[in-house]
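# Overview (structure and organization)
These are the residues of each chain, in order.
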Amino acid sequence: MAGGAGEGRRDRSRDFGATVMNERYEASAVEPKWQTHWKSCGLFHAGARADAKKLYVLEMLPYPSGEMHMGHVRCYTLGDVLARYGRMRGFDVLHPMGWDSFGLPAENAAIKDGRHPSERTPANIESFKKDCVALGFSYDWTREIATYKPEYYRWNQWFFVKMLEKDLVYRRRAKVNWCPSCNTVLANEQVEDGACWRCGSRVEEREIPEWAFRITKYSDALLGGLSDLQWPERVVSMQKNWLGRSEGAFLDFAVVGSAEKIRVFTTRADTLFGATYVVLAPDHPLALKLATSAQHAAVRAFQTKVAASNREDRLAGRLEKEGVFTGAQAVNPLAGESVPVWLANFVLSGYGTGAVMSVPAHDQRDFEFAKKYDLTISQVVDSGAGAWKGDAAFTDDGVLVNSGAFTGKSSAEARVAITAEAARRGLGETAVTWHLRDWGFSRQRYWGTPIPIVYCERCDPERRGIPVPEDKLPVELPHIDVREVLTGKGEPPLAKVKAWMATTCPKCGGPATREPETMDTFIDSSWYFARYLSPHEATRPFARADADRYLPIDVYIGGPEHAVLHLLYFRFWTKVMADLGLCSEREPARRLVTQGIVKGRDGEKMSKSKGNVVSPREIIARHGADVARLFILFAGPPEKDMDWSDEQIEGQARFLQRVWRLVRAQVEGGAPPDAIPAKADEFRREAHRALKRVSSGLESLGFNTAIAAVMELVNALYKMSPADDAARVARQEALELLAVMLSPFAPHFCAEAWQQLGRTEELATFAWPAVDPALVADETITYAVQVNGKVRGQANVPAGAAEAEVRAAAEQAVAAHLTGKPVKKFIFVPKRLVSFVV
RNA sequence: GCCGCCGUGGCGAAAUCGGUAAACGCGCAGGACUUAAAAUCCUGUGUCGCCAAAAGCGACGUCUCGGUUCGAGUCCGAGCGGCGGCACCA
C-alpha cells in the first residue's frame, strides 16, 4: 500500500485509516504470549552475567492473602521498572520474590473455618503468584521462598541458637504488651498509640516470661549506620526518634538513714541545686523498701492503683499527675540538702533509671506536681530577661543562680562542671540513655517458627531453657487437629499438643518439655533478603560468596509504615549476621524507596472494610497489565499518595492504542492524516530527545516524566510524515527506539511492537541505547529577553552564538523597551536568557 | 509539646544550578470524519482587562506577608493551612 506526502488528504487518511485505524491492540491476547516466552527463556534468572556488575532490586516481602491489591501493584511495578532497566543496562540483576506466610491472619482464619493454615497458605501463594505473572513482573522464580516451610524457618532457629551463644538472646520476666484480641505479646514497635498494630485492639500490660533479643546492644550502630543510607528523611528521622538517644548524667542521691542510694537520670544536671524532691516510678525496686511505716500502706495503695489504671488512662489522654510521699528523705549529692522522696504515676520504670530528680522551677511536669502537692520550688537558672514570675517552669538554658560554686556559669558549662564534680566525688557520671528497648519476640500462637528450646527439670531447674543442638534442627511444627488446638484463647496452642511437647533433654537424655511459644514473624522478614542469595543452601542460611556478590540491596521498595518495625529489625539482623561472619555488609539496603498509598475511587485508602478496593484483575481484564502499570507510574512520583482515576486509566489505554497505530502505519507503509513531511534527521532528533529524558527519568525515579517524554515523542510522530525513503528508515528507527525506551514500563506491548517492526532480538535484554549528543543538541536557541526582570521578548540565535551576537539580537527584539534608556547592566545566561537592567 | 514533610490551573502533575511557571495526562469546549453514534484525528483551554470580534496588547498569577537578587515556585525570616511520626523520655 502506497502512502506519501504529496497525495491528497483523503488518500493519506485512508492509508492510515482503512487497515490501521480500526485495528486495536489486544492486550488479552498479547500479554500471556510474552509471559510464556519470558518464562521459557529464563531471562530473569540472576547469575547469568558473572562478569557484569550486580544490581539487587527488592520489594518488601508480601503476606499473600489471596488477591493482590493496588498497593502491591504499585510497589512491584516500581521494582520491576528498575529491574528491567537494570538488565537492559547490562547489570546482573537479582530480583526475587517470596512469601511471608507465617502469622496471625492464616491462624485466625483457621480458627474460624477449621482449615489448617498449611492447606490455605499454598493456595494463597499460588493465587498471588499468578497475579505477579499476569502483571509481567520479571522475578527470578528459581529463588522463590516461603517462610512457613521448614527449610526456611530452620534458619530462624539456627540464628536463635547462634544468638543465644553470643548472648544476644535471653529469657526475661518483664512487663509485656498483651493484645487480648490476637491473644499474644507484642514488641514495643508493634504497639501504635497504645493499640495493636495489626488489629487495633487496646493493648494491656502483663507480666510474663518471654524471650528477647538484645537489640539495645546495637543502639549506637543502628543510629550511626543511618548516616550513610540513601533513605527518605522521614524514615531516618522516625528511626532516630525511636532509638531516642539522650545525653545526660546519672546522679546519686543517698537515702537518709539507709545504705541505699537513688540513682537518677537527668539531661539537666545544671539544675541540680534546684532539685527539691526526688520521684521514683511506682514499681521502682526501692519504692516499698524506702517507705516509712507511716506511709507504707499509702505507698502500697498507690502502687496498686497505678498498676491497675496505667494503660487505660494513658490512652484516654492526659493522665492526671498523681503521687504519694514515701516518708523517706534523700540527699542532694552536691547541694547537700535533704529532699523528700515521692512516687508518681508519670515516672516510667523502663526509661533511664526509673527515678528522677524534680526541679519544679525548670521543668513543667515537676512544676505542676509541686503545685499540686505544695512542694518547694526553687529557681536556679536565670533567663536574663527580668525576674522569674513563677507562673510556669522556665525550661530554657540560662545563667545559674543559687547554685553554690556554680553560680554564674551558663547552663551548658554547668552541665559539664556539675556532672564532673559529682563524678569526682563518686556520686555520678555522664550517661547516655535510649528509648529503644530489647525486642521481645515470644508469641503465644501456633502458626510460626517454634522456639528451639527444651526445659529439663534435672539439668535446668530454674527453667532458663536449653537450646536444641544445631544438628537436631529444625524443630518442626507438629500437625494438629485445628478444632482442638486452635481455640484462640488460653495457653499457647502448642502446649496442648502433648506428644510434641514431650521430648528428651539434649544434655541428660531424660524427659523434658519443649518451649510451646513461637517466634515473632518479623524474624522471618529480618533476613529473607539474604536467603534469596542462596535459597537452596542446606547447610547454612546463605553462602558467604553470594553475600559478597549481591549484598547490599541496591534499591529496596515498600511502604513507609514499616519505618520502625521491619526496617529497624532487618538492620539489626544484618549487623548480627555480619558479627557472625556471614557477610561483610552491616546495612541491608543502600537505598530505600517508600511508595505512597493508592486511594480508592472515594479518595479513601483502599480497604476491604470500606468496600472501595479495586483489584488489578479488573484492569488487566479490561485493558491489560501494561495499562495498569502505566497508570500507576504516570500518576505522580513514587513516594506520593495517589488517587484512583478511571479516566486516567482510559488515558493510558488510549496512549498505547495511539502508539500501536503508529507502529501499524509504519509496517503497512502509511502515515497519520494531516502529518507534515519531515526529513530523516527530524525523526532521529525527536527520538533521541525522548531517549535522553526517559533515561534520566529512570535514573532519578521520575517515571511519570519519563512516560511523559514518550508521549511527547508520540505526539511529534503523529505530526510527521516521512518525506522520503531515508526518512521512512529513520521513522522505523524512531519507533524501534520508542519500543526500547517504553519497555521497562509496558513490557508486553513493547515486545509485541518490537516484533511487529521486524526485530527478532530479545527486547528484555536488549542493550539500552546511548543518546547521540549531536542529535539532542539544539541548532538554534531561543533566548528569553528580559528588561528589568520582566520577559519582553525572544531572540533566536544559532546554537554556538557568542554573547555579543546574542546581545545584538536581543536588543533588536526588545528595542521598544530600551529606547531612551541607558543599559546599566547586561546579564547573559548561556542557552537560556539575557536580561537588560535599565 | 517536640521532630519531619508538604501547600503550583477545574483535577493528577511538571519545572538539574535561582533564569520564558503550568511540560505530559485527565476533564472541558470547538472542528473534521460519520446517515448517526462510538472510536479516531485536529485546534483551543491559568485569571482579569482593552476590543463588536479576532489578531494583538497589557496587568496579575506557584498559601499569606516581608527580605535577598537584574531576576524567586525554587534561597532567607515570620505567619496560616494540611499531612505524618513521637509523646508525661526526665
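A brief structural summary. Keep in mind it's a predicted model, so treat the numbers as computed, not measured. (Residues numbered from 1 in each chain as written. Chains lettered and ligands numbered in written order. Predicted model: local features only at pLDDT ≥ 70, side-chain atom pairs only at ≥ 80, totals over all residues. Heavy atoms only, no water.)

## Remarks on the overall build of chain A
This is how the line gets drawn: Starting at the N terminus, helices and strands are each numbered in turn, a helix being any DSSP run of H or I of at least four residues and a strand any DSSP run of E of at least two. Each residue's exposure class comes from its accessible area (1.4 Å probe, protein chains only) as a fraction of the maximum for that residue type: buried when under 20%, exposed when over 50%, partly exposed otherwise. By definition, residues are in contact when any of their heavy atoms lie within 4.5 Å. For accessible areas, the Shrake-Rupley method is used with a probe of radius 1.4 Å. Any residue's cover is judged against the shown protein chains and nothing else. Only four residue types enter the charge count, namely Lys and Arg as positive and Asp and Glu as negative; His and the chain termini do not. In plain terms, the charge of a residue is placed at NZ if it is Lys, CZ if Arg, CG if Asp and CD if Glu.
When you go through chain A residue by residue, the secondary structure sums to 27 helices and 33 strands. By its C-alpha atoms, chain A is 110 × 90 × 50 Å across when sized along the principal axes. Going through the 838 residues of chain A one by one, you find that 53% of them count as buried. Pairs at least 24 residues apart make up 73% of the contacts formed inside chain A by residues separated by at least 6 positions. Roughly 36200 Å² of accessible area belongs to chain A as shown, and the carbon and sulfur atoms make up 50% of that amount. If the 107 positive side-chain charges of chain A are averaged to one point and the 105 negative ones to another, these points end up 1 Å apart.

## Quick notes on the packing of aromatic side chains
Let me state the cut-off plainly: Aromatic rings from Phe, Tyr and Trp, with only the six-membered ring used for Trp, were paired whenever their centres fell within 6.5 Å, and each pair was classed as stacked if the ring planes differed by under 30 degrees, edge-to-face if by over 60, and tilted otherwise. Placement of a positive charge over a ring is assigned whenever Lys NZ or Arg CZ falls within 6 Å of the ring centre and within 35 degrees of the normal to the ring plane.
If you walk through the whole model with that rule in mind, you get 50 aromatic pairs. With a centroid separation of 5.2 Å and an interplanar angle of 75 degrees, the aromatic rings of Trp158 and Phe159 are classed as edge-to-face. Relative accessible area serves as the criterion here: at 0%, Phe159 is assigned to the buried category. Relative to Tyr373, the ring of Phe369 has its centre 4.8 Å away and its plane inclined at 50 degrees; by these criteria the two rings are tilted. Within this pair, Phe369 and its partner Tyr373 are both found in helix 11 (residues 364–373), separated by four residues, close to a single helical turn. On the basis of relative accessible area, Phe369 is assigned to the buried category, the value being 1%. A relative accessible area of 23% places Tyr373 in the partly exposed class. In this structure, Arg549 packs its charged tip against the face of Tyr550, placed 5.4 Å from the ring centre. Looking at Arg658, its charged tip hangs above the ring of Tyr718, at a distance of 4.0 Å from the centre.

## Notes on the packing of helix 20 (residues 646–668) against helix 22 (residues 703–718)
Definition in use: Between N-to-C directions, angles cover 0 to 180 degrees, with each direction set by a line fitted to C-alpha atoms, over the stretch in contact for helices. By the definition adopted for this analysis, an angle is roughly parallel if under 35 degrees, roughly antiparallel if over 145, roughly perpendicular if from 65 to 115, and oblique otherwise. Left-handed describes a crossing whose near helix is turned anticlockwise from the far helix through less than a right angle; right-handed describes the clockwise counterpart. For this scheme, ten residues count as nonpolar: Ala, Val, Leu, Ile, Met, Phe, Trp, Tyr, Cys and Pro. Four count as charged, namely Asp, Glu, Lys and Arg, and the remainder, Gly too, count as polar.
Running from N to C, helix 20 and helix 22 point in directions that differ by 45 degrees, and their axes come no closer than 11 Å. In terms of orientation, helix 20 lies oblique with respect to helix 22. Judged by the sense of rotation from one axis to the other, the crossing of helix 20 with helix 22 is left-handed. Mapping the contact onto sequence places Gln652, Phe655, Arg658, Val659, Arg661 and Leu662 in helix 20 and Val710, Met711, Val714, Asn715, Leu717 and Tyr718 in helix 22. Residues that form the contact of helix 20 with helix 22 fall into these classes: eight nonpolar, two polar and two charged.

## A word on the pairing of strand 32 (residues 825–829)
Every regular strand shows the same layout, with side chains that alternate between the two sheet faces. What counts here: When DSSP finds two or more bridges between two strands, those strands count as paired.
Relative to strand 33 (residues 833–837), strand 32 runs antiparallel, the two sharing five bridges. Counted as the bridge partner of Phe828 is Val834 from strand 33.

## Notes on the sheet that holds strand 6 (residues 184–186)
The four strands are arranged 6-5-9-19 in an open sheet whose pairing can be described as antiparallel. Edge positions in the open sheet fall to strand 6 and strand 19 (439–440), since each of these has one partner strand only. Here strand 5 (residues 169–179) runs beside strand 6; their pairing, made up of three bridges, is antiparallel. From the neighbouring strand, Cys179 faces strand 6, where its bridge partner is Thr184.

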